[in-house]
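Each chain is listed here by its residues.
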Amino acid sequence: MGFESAWLRCTFALAASLPLATSAAAVVEVPSDTSVRFEWTAAEGSVASYFVYVVDVGGDVQPYAVRPAAEPWTLLYGSSGTEYALQVVAVTENGVTGPPSETSEYVRFVTAEAPPPEEPLTEELATEDPPTKVPLTEELATEEPPTEKPSDGAPPPLAKRAAGDPLDFDGDGGTELLLRHETSGELVIWYVDGATPVSVPLDIDPLSASERVVGNADYDGNGHADVVVQDATSGELRVHFLDTGAQIGRLWFSGVTTRVVGSGDFDGDGAADLVLEDFATGDVEIWPNLYVEGSEEVLAIGPLERGSEVIGAGDLDGDGTPDLLVRRRRGEISGYSVDAAGYATRVVGYARTVSQIGALCDTNRDGRMAVLALRRDHWAWIDADRDEQRLPEDAIEDGDEVLDSGRYHGGSSCEILVRNVATGELASLDTSTGLATSQTLGAAAPGWEPVGVGTLRP
């Protein structure tokens, strides 16, 4: 059947985890701190994607999201007092668009019921007791966890990729990007491995102005990237367990006085652990078993060196376990291995004249992460033997910003993610052959900025 004769059948349905109260005007009201899931009947034919638009009460239509053709649904967020409906347009693989669907019923976001007042902090928090983990069971009604979390604390099945590899939301071996809207705080997954980038809303409440994405790894071992958010003001942590961007569980951490500085599978259970550091004292902690409900295990590590700070984690010496990458005050970077008792041993020393760190990557495919560093006036990969592979002079030009590394085209080669600050254009650089082969990934829409990228803390 030809695509042109099989457009959307315009059947919308509302689905949400909370009961919905319909007003007399046939407007569905939902609390402003929740999202509403819209579903529509899939179009027939060679559909590549759906363009989703929001319609406000004045009839103005604005682009909202792009969904892959296999997923005829989207999540709608809104602040209190706003009222929106949705329209959908199907798009062919050749970029031909069909007519818009009928307008869905409107959703009005209303002020959520105020939570009970917080209990005043006790003096025990001042003594830096371990943070309190508050498990939540907000599983989507239509989603089932991909694996059952063992009650005996046994590890889940190993993920398809290394637990510390960032931003593989769909488990296909390719790296995606995470974008945040500068005004609304909404997050979307940006798939950049096709001819045209596709944006898919992430099933996480919009971030406040003080919240930051500080972790993008597989923290429950199901093969899909999860997201960790920390409030820069209060220190509160949220771990969102995801399956292809859909939330299947969440943890809250309150009373946190440290900051997330990295992620890696330090205990070998196939799920990433969080690395946190107290910048005042230099003390480092590793939090394993995040997927085990009620686990309060913390591996405490003393200050590594005076004036040093952890800037990331990765397997620096090739022994199969992650190490801590540490930057000293004079610019020297070193690697430290951590044993099961929390004892840290310096295993790698790189160079003293590093002015900027860009990424970690296994460039030689020998199991060891090399460090992409700016050495005075040039970028170079530096490995554990202090061997330096200098990048071509024009590989990273003035005005380019190194954001991360990954496998943005699903291959085995590790690529560098670079953004032109002036234009916002993103590109991936493959340096596996000793050259720098660049591929354009496109530029995010105005108002959207990459977040969660950056193997290393700036």
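Here the structure is shown first, and the text comes after it.
Residues numbered from 1 in each chain as written. Predicted model: local features only at pLDDT ≥ 70, side-chain atom pairs only at ≥ 80, totals over all residues. Heavy atoms only, no water.

**A closer look at the environment of Thr437**
You can see Thr437 is positioned in strand β33 (residues 437–443). Thr437 sits 22 residues away from Glu415 along the chain, and the two C-alpha atoms are 9.3 Å apart. When neighbours within four sequence positions are excluded, Thr437 is seen to be in contact with Ser428, Leu429 and Asp430. (Helix = DSSP H or I, 4+ residues; strand = E, 2+ residues; numbered from the N terminus. Contact = heavy atoms within 4.5 Å.)

**Quick word on the sheet that holds strand β11 (residues 177–181)**
The strand order across the open sheet formed by four strands is β13-β12-β11-β34, and the pairing between neighbours is antiparallel. In the strand order of this sheet, the two ends are held by β13 (198–201) and β34 (448–451), each with one partner. Going across the sheet, the axis of each strand differs from the next one's by a mean of 40°, ignoring polarity. The pairing of β11 with strand β12 (residues 187–191) spans four bridges and is antiparallel. The residue bridging Leu177 from the neighbouring strand is Trp190, located in β12. (Pairing = 2+ DSSP bridges. Axes fitted to C-alpha atoms, helices over the stretch in contact; angles between N-to-C directions.)

**Digging into the state of the cysteines**
In a disulfide, the sulfur atoms of two cysteines are held together by a covalent bond. This structure, assessed with the given rule, holds one disulfide. Here Cys361 engages in a disulfide with Cys414; their sulfurs sit 1.5 Å apart. With Cys361 in strand β26 (residues 354–361) and Cys414 in the loop between β30 (400–406) and β31 (415–420), the pair connects residues that are 53 residues apart, well separated along the chain. Taking relative accessible area as the criterion, Cys414 reaches 14% and is therefore assigned buried. (Disulfide = S-S within 2.5 Å. Buried < 20%, exposed > 50% of the residue type's maximum accessible area, 1.4 Å probe, protein only.)

**Some details on the pattern of salt bridges**
When the charged atoms of two side chains lie near each other, side chains of opposite charge can form a pair. Evaluation of the coordinates by the stated rule reveals nine salt bridges. Its salt-bridge partner being Arg346, residue Glu332 comes within 2.6 Å of it at the nearest N-O pair. On the criterion of sequence distance, the pair formed by Glu332 in the loop between β23 (323–327) and β24 (333–338) and Arg346 in strand β25 (residues 344–349) is long-range, its members being 14 residues apart. Glu332 sits in the buried class, given a relative accessible area of 4%. Between Arg368 and Asp366 there is a salt bridge, with its nearest N and O atoms 3.2 Å apart. Via salt bridges that share partners, Asp366, Arg368 and Asp385 belong to a single interconnected network. (Salt bridge = Lys/Arg side-chain N within 4 Å of Asp/Glu carboxyl O.)

**Considerations on the nonpolar core**
Membership of the largest hydrophobic core comes to 29 residues, with the highest contact counts inside it found for Phe169, Leu177, Leu178, Leu202, Val227 and Leu417. Put simply, the parts of the chain that give this core at least two residues each are β11, β12, β13, β15 (227–231) and β34. Sorting elements by how many residues they give to this core places β12 first, with five residues. Among the nonpolar cores identified, the runner-up in size contains 16 residues, and Leu237, Val256, Val260 and Leu274 belong to it. (Core = buried A, V, L, I, M, F, W, Y, C linked by side-chain atoms within 4.5 Å.)

**A closer look at the packing of aromatic side chains**
This structure, assessed with the given rule, holds two aromatic pairs. Considering the side-chain rings of Trp40 and Tyr50, the 5.4 Å spacing of their centres and the 80° angle between planes classify their relative orientation as edge-to-face. Here Trp40, found in strand β4 (residues 36–40), pairs with Tyr50, found in strand β5 (residues 47–56); they are 10 residues apart in sequence, far enough to count as distant. This pair shows no difference in class: Trp40 is buried, exactly as Tyr50 is. (Phe/Tyr/Trp six-rings, centres within 6.5 Å; stacked < 30°, edge-to-face > 60°.)

**Focus on the sheet that holds β30**
Read from one edge of the open sheet, four strands run β30-β31-β32-β33, paired in antiparallel fashion. A strand with exactly one partner marks an edge of an open sheet, and here the two such strands are β30 and β33. Direction aside, the axes of adjacent strands within the sheet are offset by 25° on average. Of the strand pairs in this sheet, β31 and strand β32 (residues 425–430) are connected by five bridges, and their pairing is antiparallel. Note on β32: the bridge partner recorded for Arg419 is Leu426.

**Brief notes about a negative patch on the surface**
Residues Asp377, Glu393, Asp394, Glu397 and Asp398 make up a contiguous surface patch of negative charge. As for its placement among the helices and strands, Asp398 is situated in the loop between β29 (388–390) and β30. For Asp398, a relative accessible area of 81% puts it in the exposed group. (Patch = residues over 30% accessible without salt bridge, like charges linked within 9 Å, V, L, I, M, F, W, Y side chains within 5 Å. Areas by Shrake-Rupley, 256 points an atom, 1.4 Å probe, with all protein chains shown as cover. Lys, Arg positive; Asp, Glu negative; His and termini not counted. Charge placed at Lys NZ, Arg CZ, Asp CG, Glu CD.)

**Regarding the environment of Asp404**
Among the structural elements, Asp404 can be located in strand β30. With a relative accessible area of 1%, Asp404 lands in the buried category. Sequence-wise, Asp404 and Arg419 are 15 residues apart; in three dimensions their C-alpha atoms are separated by 9.9 Å.

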